[in-house]
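Each chain, written out:
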Amino acid sequence: MAASKIEVPSYSVGLVLEDYNLPYANRAYFILKDTIAIAYPISSKEIRCLVDVPGPKLPSISTEICTFQMPPELYNAFICAIDKENIRTMPNRIMPASSYPTPGAFLIGDSLNMRHSITGGGMTVGLSDVVLLRDLLRPLNDLSKAASICKYLESFCVLRKPSAFAINTLASTLHTVFSSSDQDPARKEMKEAFFNYLSLEGVFSDGLMALLSGLNTNPLSLVFHCFAMLAYAVGSLLLPFPTPKHMCIAARLILVCWIRHHLPYTEGRRN
Ligand SMILES: Cc1cc2nc3c(=O)[nH]c(=O)nc-3n(C[C@H](O)[C@H](O)[C@H](O)COP(=O)(O)OP(=O)(O)OC[C@H]3O[C@@H](n4cnc5c(N)ncnc54)[C@H](O)[C@@H]3O)c2cc1C
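One structure accompanies this document, and this report is about it. The shown structure was predicted, so the numbers you read here are calculated from the model rather than taken from an experiment. (Residues numbered from 1 in each chain as written. Predicted model: local features only at pLDDT ≥ 70, side-chain atom pairs only at ≥ 80, totals over all residues. Heavy atoms only, no water.)

Details of the packing of helix H8 (residues 203-212) against helix H9 (residues 219-238)
A pair of packed helices is characterised by two quantities: the angle between their axes and the separation of those axes.
Part 1 of the reasoning: Their axes nearest at 10 Å, the elements H8 and H9 cross at an angle of 130°. Judged by the angle between their axes, H8 and H9 are oblique. For the pair H8 and H9, the sense of crossing is left-handed. Taking contact as the criterion, the partners of Val203, Phe204, Gly207, Leu208 and Leu211 in H8 are, on H9, Ser221, Leu222, His225 and Met229.
Part 2 of the reasoning: Broken down by class, the residue content of the contact of H8 with H9 amounts to six nonpolar, three polar and no charged. (Axes fitted to C-alpha atoms, helices over the stretch in contact; angles between N-to-C directions. Helix = DSSP H or I, 4+ residues; strand = E, 2+ residues; numbered from the N terminus. Parallel < 35°, antiparallel > 145°, perpendicular 65-115°, else oblique. Left-handed = near helix turned anticlockwise from the far one by under 90°. Contact = heavy atoms within 4.5 Å. Nonpolar A, V, L, I, M, F, W, Y, C, P; charged D, E, K, R; others polar.)

Shown next, in the form of structure tokens:
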């Protein structure tokens, strides 16, 4: 029913840090080193930690996770969790939405469309699919005619695009930028420029959060923030004086954004 190409850019390795509290309550922590780790509380004494291990192959826990540069405050709890071997590994899959209409069956959620888990948008997109499907089916009195309902629901993939578009695009862009290794100076500069943009307050951070949480589904807002992020990053690289090295980094940055923003345009296609 779904024949989109599935990409696996990385694996998430999940651990539970016990008897540990993060410095600020009710906050999630993004640790941006050579790769990304996210830590957030799941109970009064437990912290879930997800380490992103780039690459399409199942990571070797011992070599790839133990060498992760955990900040000193988390290090002991992190090593303790590794020793207990209470570790789970999940692939991060990216799959654009494109469906083969099939009478009697209908795909929503991850079976239809997946994006990187870095922005935690999967449930938001899945639940938006549920709401849209409910609204489409509500006026129908007779659900027994599978073929005609299948035809009627052909508009689903197009109608869901505004709610999925921003979340999918930002997940891919933020993962590409933040998973860059610090050992490559060009990528490190890119990462810092994007991070500084996210640290801006007001319309910049609030607007991005509204897009990431699905509260704002206006594609123009996404276009605004993508251009603003890119302009901020390129501007901070080239000002006050552009050097050949920084011009080269800026060109690479524009190229990465251009490639990443092409993926969502393939969504909503019918096969
Ligand atoms: C590491 C990671 C972290 C994430 N963090 C977040 C987050 O913080 N916030 C967020 O919103 N999203 C997050 N997501 C994404 C989110 O988990 C998914 O988008 C969401 O669970 C999709 O819901 P679903 O119902 O479509 O699929 P699933 O939750 O995968 O449910 C499918 C169910 O079908 C069952 N199933 C499969 N095959 C069969 C079969 N043949 N017969 C019967 N049952 C079957 C499976 O066991 C499963 O229970 C994360 C994903 C990953 C990988």
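Examining the nonpolar core
Part 1 of the reasoning: Formed by 27 residues in total, the largest nonpolar core has its most connected members in Leu170, Phe178, Phe194, Leu222, Met229 and Leu253.
Part 2 of the reasoning: Within the residue set of this core, elements represented by two or more residues are strand S3 (36-41), helix H6 (161-178), helix H7 (185-199), H8, H9 and helix H10 (244-260).
Part 3 of the reasoning: For this core, the leading source of residues is H9, giving eight residues.
Part 4 of the reasoning: Excluding residues within four positions of it along the chain, Leu253 makes contact with Met190, Phe194, Leu230, Ala233, Val234 and Leu237. (Core = buried A, V, L, I, M, F, W, Y, C linked by side-chain atoms within 4.5 Å. Buried < 20%, exposed > 50% of the residue type's maximum accessible area, 1.4 Å probe, protein only.)

Some points on the environment of Ala77
Part 1 of the reasoning: Within the fold, Ala77 resides in helix H2 (residues 72-83).
Part 2 of the reasoning: Taking relative accessible area as the criterion, Ala77 reaches 15% and is therefore assigned buried.
Part 3 of the reasoning: Among all residues touching Ala77, those that are not within four sequence positions of it are Leu17 and Tyr20.

Section: the site of the ligand
Part 1 of the reasoning: Looking at the ligand, the residues that line it are Ser12, Met90, Gly109, Asp110, Ser117, Gly120, Gly121, Gly122 and Met123.
Part 2 of the reasoning: Contact distances for the ligand include 2.8 Å between an oxygen atom and a side-chain N or O atom of Asp110.
Part 3 of the reasoning: Contact distances for the ligand include 3.5 Å between a nitrogen atom and a backbone N or O atom of Gly122.
Part 4 of the reasoning: For the ligand, whose unbound accessible area comes to 1000 Å², protein coverage reaches 38%. (Near = heavy atom within 4 Å. Polar contact = N/O pair within 3.5 Å; in protein donor to acceptor, adjacent residues only side chain to side chain. Areas by Shrake-Rupley, 256 points an atom, 1.4 Å probe, with all protein chains shown as cover.)

All quantities given are derived from atomic positions and should not be read as evidence of function.
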